[in-house]
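Structural description and commentary
Listed below are the residues making up each chain.
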Amino acid sequence: MKKRWIVSAAALSAAALAVTGCGASASDSSVSGNSGDSATSGDAGELYVYNWGEYIDETVIDEFEEETGIKVVYDLYETNEEMYPVIEAGGIAYDAVCPSDFMIQKMREHDLLAEINFDNVPNIDQIDPLYMELSKSFDPENKYAVPYTWGTIGILYNKERLQELGVPAPTKWADLWDERLSGEILMQDSIRSAFMTGLKKNGYSLNSTNPDEINKAKQDLIDQKPLVQAYVVDQVRDKMIGGEAAVGIIYSGEMLYIQGEDGTDNLEYVIPEEGTDLFIDCWVIPKNAKNKENAEKWINFLCRPDIAKKNFEYITYSTPNKGAFELLDEDMQNNKAVFPDIDSIK
């Protein structure tokens, strides 16, 4: 999805569990923990975390362990779609997981989540009420999820390359169907992101359930395929920095890295005028968690402004933590690629 991808040993463990019927260890890909421990043990003082690759400053894990005495076993996944069947199967009982908004809704609807005891999460008051309100679209009563990061999806474009091709800077999703961009387009290798592009291009909701609208978006994506150089994930960032393409769909959280690595003002990020996906990733607690109170301590720790700021500086995805935001310098607070005006996103 939007994070720098890494192969998840947890998914391989789950696959092995399904094939062999044997138990699996959640610590096979752990950042911290004894590789012999099982996530189903429920021993006191442990916490089993399932998160995206490179989606936390690892020193934060060390600090949490030092302050609480809780041992963290940390596994990684690449996409929401990879994470979901692992949680659904329940063979590995994770205590804290960080899905995206639409997947949280699915998990809630399938009774896979435990209600959070917010008495154990006093730092919830550091989350800007705006993001708690936005979270009601997938967690209507704010019972199950605590916002961790947010961001947008837009178009990254190479100004010099577009000038060479005689193509104006993109302002709409429909611009990705310009035949002059043949072989110059990088699309996200993600069903949701691709269909968002096709749906928004036609003025439809990205959450449309209308078969005619979905089929129209599908056909448009098929028609676009000959123009596409590649369907990739994080390679969009590196290919664009390397000048290998003129335009690419990218997640806003990559922009700080790009701005630092590109060294020029040649790469620009735009949110198309048809609107885009504003995503929120949140911490949730699976219903079969064995260490629920420890999970709440973990979530509370991550909501601490100094910790949230440290994670923002490492992850570079926008923080919903108002205390952390206030700790950022003014230039960062005003960086519209990272912190766009919510009202401007349709």
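Residues numbered from 1 in each chain as written. Predicted model: local features only at pLDDT ≥ 70, side-chain atom pairs only at ≥ 80, totals over all residues. Heavy atoms only, no water.

Structural notes on the overall build of the protein chain
How we decide: Strands here are runs of E lasting at least two residues and helices are runs of H or I lasting at least four, both read from the DSSP assignment and numbered beginning at the N terminus. Accessible area is worked out with a 1.4 Å probe on protein chains only. A residue is then buried under 20% of its type maximum, exposed over 50%, and partly exposed in between. A contact between two residues is defined here by any heavy atoms of the two lying within 4.5 Å. All accessibility values rest on the Shrake-Rupley procedure with a 1.4 Å probe; residue burial counts only the protein chains present in the view.
When you go through the protein chain residue by residue, the secondary structure sums to 14 helices and nine strands. For the protein chain, the residues scored as buried account for 54% of the 346 residues in total. Intrachain contacts of the protein chain at a sequence separation of at least 6 include 73% that bridge at least 24 residues. Entry remark: accessible area of the protein chain is about 14,600 Å², with carbon and sulfur atoms responsible for 47%.

Considerations on the packing of helix α3 (residues 80–89) against helix α4 (residues 101–109)
Note the cut-off: Lines fitted to the C-alpha atoms define the axes, with helices restricted to the stretch that makes contact. Angles between their N-to-C directions range from 0 to 180 degrees. Orientation is classified from the angle alone, with under 35 degrees giving roughly parallel, over 145 giving roughly antiparallel, 65 to 115 giving roughly perpendicular, and any other angle giving oblique. Less than a right angle of anticlockwise turn of the near helix away from the far helix marks a crossing as left-handed, whereas a clockwise turn marks it as right-handed. Here the term charged refers only to Asp, Glu, Lys and Arg, the term nonpolar to Ala, Val, Leu, Ile, Met, Phe, Trp, Tyr, Cys and Pro, and the term polar to all other amino acids, Gly among them.
Here α3 crosses α4 at 20 degrees, and the two axes come no closer than 11 Å. On the basis of their axis angle, the class for α3 and α4 is roughly parallel. As for the relative orientation of α3 and α4, their crossing is right-handed in sense. Contacts between α3 and α4 involve N80, E81, M83, Y84 and I87 on the former and, on the latter, F102, M103, K106 and M107. For the contact of α3 with α4, a count of residues per class yields six nonpolar, one polar and two charged.

Comments concerning the packing of helix α2 (residues 58–68) against helix α11 (residues 292–302)
At a minimum axis separation of 11 Å, α2 and α11 run at an interaxial angle of 125 degrees. In terms of their interaxial angle, α2 and α11 are classed as oblique. Remark: the crossing between α2 and α11 carries right-handed chirality. Residues V60, I61, E63, F64 and E67 of α2 form the contact with α11, whose own contacting residues are N294, K297, W298, F301 and L302. The residue makeup of the contact of α2 with α11, split by class, is six nonpolar, one polar and three charged.

With respect to the nonpolar core
How we decide: Here, nonpolar core means buried Ala, Val, Leu, Ile, Met, Phe, Trp, Tyr and Cys residues that are tied together by side-chain atoms lying within 4.5 Å of each other.
Residues L176, V247, W283, W298, I299 and L302 are the most contacted members of the largest nonpolar core, which totals 88 residues. Residues in contact with V247, not counting those within four places in the same chain, are I155, L156, Y157, L162, P170, L176, L181, E184, I185, L186 and M240. One finds L156, L186, V236 and A245 within the second-largest nonpolar core, a separate group that totals 13 residues.

Considerations on the environment of V284
Within the element layout of this structure, V284 appears in the loop between β9 (278–283) and α11. Considered as a pair, V284 and K143 are 141 residues apart in the sequence and their alpha carbons are 9.5 Å apart. Beyond its immediate stretch of four places on either side in the chain, V284 contacts D95, A96, V97, P99, I104, L113, Y144 and A145.

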